[in-house]
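# Fold and contact review
Residue strings, one per chain:
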Amino acid sequence: MNKFDRRGFIKLAGLGGGVVFASSLSRGFGLNALGSVVDYANGKAQNDFYFVQLSDTHWGFAGPKVNPDAEGTLKKAVQAVNSLEVQPDFIVFTGDLTHTTDNVQVRKDRMSQFKDIVGGLKVPTVHFMAGEHDASLDRGDAYQEAFGKLNYTFDHKGVHFVVVDNVSDPGASVGESQLNWLKADLKQQKTDARIVVLTHRPLFDLYPDWDWATKDGTAVIDALMPHKNVTVFYGHIHQENHHMTGHIAHHSAKSLMFPLPAPGSVPKKAPVPWDASAPYKGLGLRSIEAGPKQAKYEIKELNVTGA
Amino acid sequence: MNHKKRILLTGVLLASAVVSGLLTYTRANAVPVERVIHITAKNFQFSPDSITLKKGEPVVFEISSGDRKHGFSLRAFGVRTDVLPGKVSRIRLTPDKTGKFTFSCDVFCGDGHEEMTGTVIVTE
Ligand SMILES: [Cu+2]
Ligand SMILES: [Fe+2]
């Protein structure tokens, strides 16, 4: 087996001193890549836990020039995760689980096929999110039937995860009622709590002409701002992107179906064609390591007489 | 001033008041000469998908859908509208800058939505 190439990774800020490792499917399907994270998890750092993010699997997409292994890529990713020596605590799928279709029955079929495939993951805890492909044409009806709620929270080892839905509205808004729900939830959190937001579209204006924005994303970021320790993981743009809005880091993940060009780099947004000399190039998954909360030591100076 | 002259002066003043009043009336209700540009959104395409405008020339986009609900958004000028089948949506615009600007569908409409864009070119 090839030795893992550390240069292929990016070390990122966020998650309370945690580390994000992005790996690519093109290099041994990310097996070696993720393997190094396992090393890391085995004690090189005093980590809390790690989880894996997969995104934009677009199950049902067909386009041989874009991905001739459309039926196999997701299965390979499942294999890659299952082969990790130390299994992650959980897995998140940040939307566009299925490729959109007008046919309601086909939509439902794609969702159940997707569920069958990811049912092969060894990790028992998997959190799903919707993308506009899953949820925009029926306001999330089929999605909720298959996967449950569109927005929700969960807690894991001291980290508060908030799933924000910016896709069930075809106009890409989070909406007033969800915003109120978010604000009420954040109120329960201390300002220094470790918070991770999981969502599909970018919450900031990455490239609105390509629908790479959330209409009322600024309101979401404003609500998060008082919290000192917030990191956002999202999908939608089918490539890595790392961006700061104030102290909040936003990290987008690669797709597991087709890569998209860099924002504004071409006149029309269209999938990057398959490169036969570098299969699976631009596709991938990532593991995210949550570092421990920094220990605080209270120091009190005493003089020799003990006073 | 004799009587005859006074009548004449009053007449002139009156006439000019009427004329200027008429002018004001005409100006307030004048329909500016707007060029109408018809755009159809259908089958995940805008047609035309390239529109050339002149800086300072007022235009009105009349946008209709040939199939389903779409959106039309020209962000550089801060204008957008929903585009519904069986309805004409209007956007008035007088471009105040030159350049090449993208318009796009901003309501997710299905498989093809992603590529549903066009260009507005504004010349001097
Ligand atoms: Cu998306
Ligand atoms: Fe996607």
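Residues numbered from 1 in each chain as written. Chains lettered and ligands numbered in written order. Predicted model: local features only at pLDDT ≥ 70, side-chain atom pairs only at ≥ 80, totals over all residues. Heavy atoms only, no water.

### Notes on the overall build of chain B
- Secondary structure assignment for chain B yields 1 helix and 9 strands.
- Going from the N terminus to the C terminus, chain B shows its helices and strands as α-β-β-β-β-β-β-β-β-β.
- In chain B, 59% of the contacts between residues at least 6 apart in sequence involve partners at least 24 apart.
- When the accessible surface of chain B is totalled, it reaches about 7,500 Å², and 57% of it is carbon and sulfur. (Helix = DSSP H or I, 4+ residues; strand = E, 2+ residues; numbered from the N terminus. Contact = heavy atoms within 4.5 Å. Areas by Shrake-Rupley, 256 points an atom, 1.4 Å probe, with all protein chains shown as cover.)

### What to know about the packing of aromatic side chains
- For the structure on display, the rule yields 25 aromatic pairs over all chains.
- One residue, A:Lys115, lies across the ring of A:Phe147, its end atom 5.7 Å from the ring centre.
- Between the NZ or CZ atom of B:Lys97 and the centre of the ring of B:Phe77, over which it lies, the distance is 4.9 Å. (Phe/Tyr/Trp six-rings, centres within 6.5 Å; stacked < 30°, edge-to-face > 60°. Lys NZ or Arg CZ within 6 Å of the ring centre and 35° of its normal.)

### Observations concerning the environment of B:Glu124
Residues and elements named next belong to chain B.
- Relative to the elements of secondary structure, Glu124 occurs in the segment after β9 (117-123).
- Note on Glu124: relative accessible area 68%, which makes it exposed.
- Sequence spacing of Glu124 and Thr98 is 26 residues, and the spatial spacing of their C-alpha atoms is 6.4 Å.
- Apart from the residues lying within four places of it in its own chain, the contact partners of Glu124 are Lys54, Lys55 and Thr98. (Buried < 20%, exposed > 50% of the residue type's maximum accessible area, 1.4 Å probe, protein only.)

### Some words on the nonpolar core
Residue and element names in this part refer to chain A.
- Counting residues in each nonpolar core, the largest one holds 29 residues, and the members touching the most others are Leu182, Ile195, Val197, Val220 and Leu224.
- With 4 residues, helix α7 (residues 217-224) is the largest single contributor of residues to this core.
- Excluding anything up to four places from it in sequence, Leu182 contacts Val162, Val164, Val220 and Ala223.
- Val52, Phe128, Val167 and Leu256 belong to the second-largest nonpolar core, a separate cluster that totals 28 residues. (Core = buried A, V, L, I, M, F, W, Y, C linked by side-chain atoms within 4.5 Å.)

### A short note on the sheet that holds strand β4 (residues 59-65) of chain B
All names here are of chain B.
- The strand order across the open sheet built from 4 strands is β2-β1-β4-β7, with neighbouring strands paired in mixed fashion. Sheet topology places β2 (45-47) and β7 (89-93) at the edges, where each strand pairs with a single neighbour. Averaged over all adjacent pairs, the angle separating strand axes in this sheet is 25°, with direction ignored.
- Pairing of strand β1 (residues 35-42) with β4 involves 7 bridges; the strand directions are parallel. Bridge pairing in β4 links Ala41 to Ser65. (Pairing = 2+ DSSP bridges. Axes fitted to C-alpha atoms, helices over the stretch in contact; angles between N-to-C directions.)

### A look at the coordination of the iron ion (ligand 2)
Residues and elements named next belong to chain A.
- Within the protein, Asp56 (OD), His58 (NE2), Asp96 (OD) and His238 (NE2) serve as the donor atoms for the iron ion (ligand 2), at 2.2 Å.
- For the iron ion (ligand 2), the 4 donor atoms in the first shell make angles of 85 to 174° at the metal, a pattern classed as irregular.
- Mapping the donors of the iron ion (ligand 2) onto the primary sequence gives the spacing D-x1-H-x37-D-x141-H.
- Between the iron ion (ligand 2) and the copper ion (ligand 1), a spacing of 3.6 Å is present, and a bridge between the two is formed by Asp96. Here His58 is found in the loop between β2 (49-54) and α2 (73-82), whereas its partner His238 is found in the loop between β8 (230-234) and β9 (241-245), with 180 residues between them in sequence. (Donors = N, O, S within 2.8 Å, 3.2 Å for Na, K, Ca; no water. Tetrahedral: all angles 85-135°; square planar, octahedral: opposite > 155°, others 65-115°.)

### Comments concerning the sheet that holds β8(A)
All names here are of chain A.
- Within the open sheet, the 6 strands sit side by side as β5-β6-β7-β8-β10-β9. Their pairing is mixed. Each edge of the sheet is formed by a strand with only one pairing partner; in this case those strands are β5 (152-156) and β9. Strand-to-strand, the axes of this sheet are offset by a mean angle of 20°, without reference to chain direction.
- The sheet contacts of helix α6 (residues 176-187) involve β5, β6 (159-164) and β7 (194-199), and relative to β6 the element is tilted by about 175°.
- In the packing of α7 onto the sheet, contacts are made with β7, β8, β9 and β10 (248-252), and the angle to β10 comes to roughly 130°.

### A look at the interface of chain A and chain B
- Residue-level contacts link 18 residues of chain A with 15 residues of chain B.
- At the boundary of chain A with chain B, total buried surface from both sides reaches about 1,500 Å², with 46% on carbon and sulfur atoms.
- Summed over the shared surface of chain A and chain B, the number is 3 salt bridges.
- Between A:Asp102 and B:Arg68 there is a salt bridge, and its shortest N-O distance comes to 2.4 Å. (Buried area = accessible area lost by both parts, 1.4 Å probe. Salt bridge = Lys/Arg side-chain N within 4 Å of Asp/Glu carboxyl O.)

### Some points on the coordination of the copper ion (ligand 1)
All names here are of chain A.
- Bound to the copper ion (ligand 1) on the protein side are Asp96 (OD), Glu132 (OE), Glu132 (OE), His200 (NE2) and His236 (ND1), at distances that span 2.1 to 2.6 Å.
- When the donor residues of the copper ion (ligand 1) are listed from N- to C-terminus, their spacing reads D-x35-E-x67-H-x35-H.
- You can call His200 buried: its relative accessible area is 1%.

### So, the confidence of the model for chain B
- For chain B, mean pLDDT is 85; residues scoring 70 or higher make up 74% of the total.
- The ipTM, which scores confidence in the relative placement of chains, is 0.81 for this predicted complex, and the corresponding pTM is 0.82. (pLDDT = per-residue confidence, 0-100.)

### Remarks on the side chain of A:Thr94
Residue and element names in this part refer to chain A.
- Tracing the backbone through its elements, the reader meets Thr94 in strand β3 (residues 90-94).
- Classification of Thr94 as buried rests on a relative accessible area of 0%.
- One polar contact links Thr94 to Gln53, side chain to side chain, over a distance of 2.9 Å.
- Excluding residues that lie within four positions of it along the chain, Thr94 makes contacts with Gln53, Leu54, Ser55, Asp56, Met129, Thr199, His200, Phe233, Tyr234 and Gly235. (Polar contact = N/O pair within 3.5 Å; in protein donor to acceptor, adjacent residues only side chain to side chain.)

### Section: the pattern of salt bridges
- In the structure shown here, the tally under the stated rule is 17 salt bridges over all chains.
- Across the pair A:Asp205 and B:Arg75 runs a salt bridge, and its minimum N-O distance is 3.8 Å. With one member in each of two chains, A:Asp205 in the loop between β7 and α7 and B:Arg75 in the loop between β5 (70-74) and β6 (79-83) form a pair that bridges those chains.
- Classification of B:Arg75 as partly exposed rests on a relative accessible area of 44%.
- Residues B:Asp82 and B:Lys69 are paired through a salt bridge, measuring 3.6 Å at the closest nitrogen-oxygen approach. Of this pair, B:Asp82 sits in strand β6 while B:Lys69 sits in the loop between β4 and β5, and the two are 13 residues apart along the sequence.
- Residue classification places B:Asp82 among the partly exposed residues on the basis of a relative accessible area of 29%.

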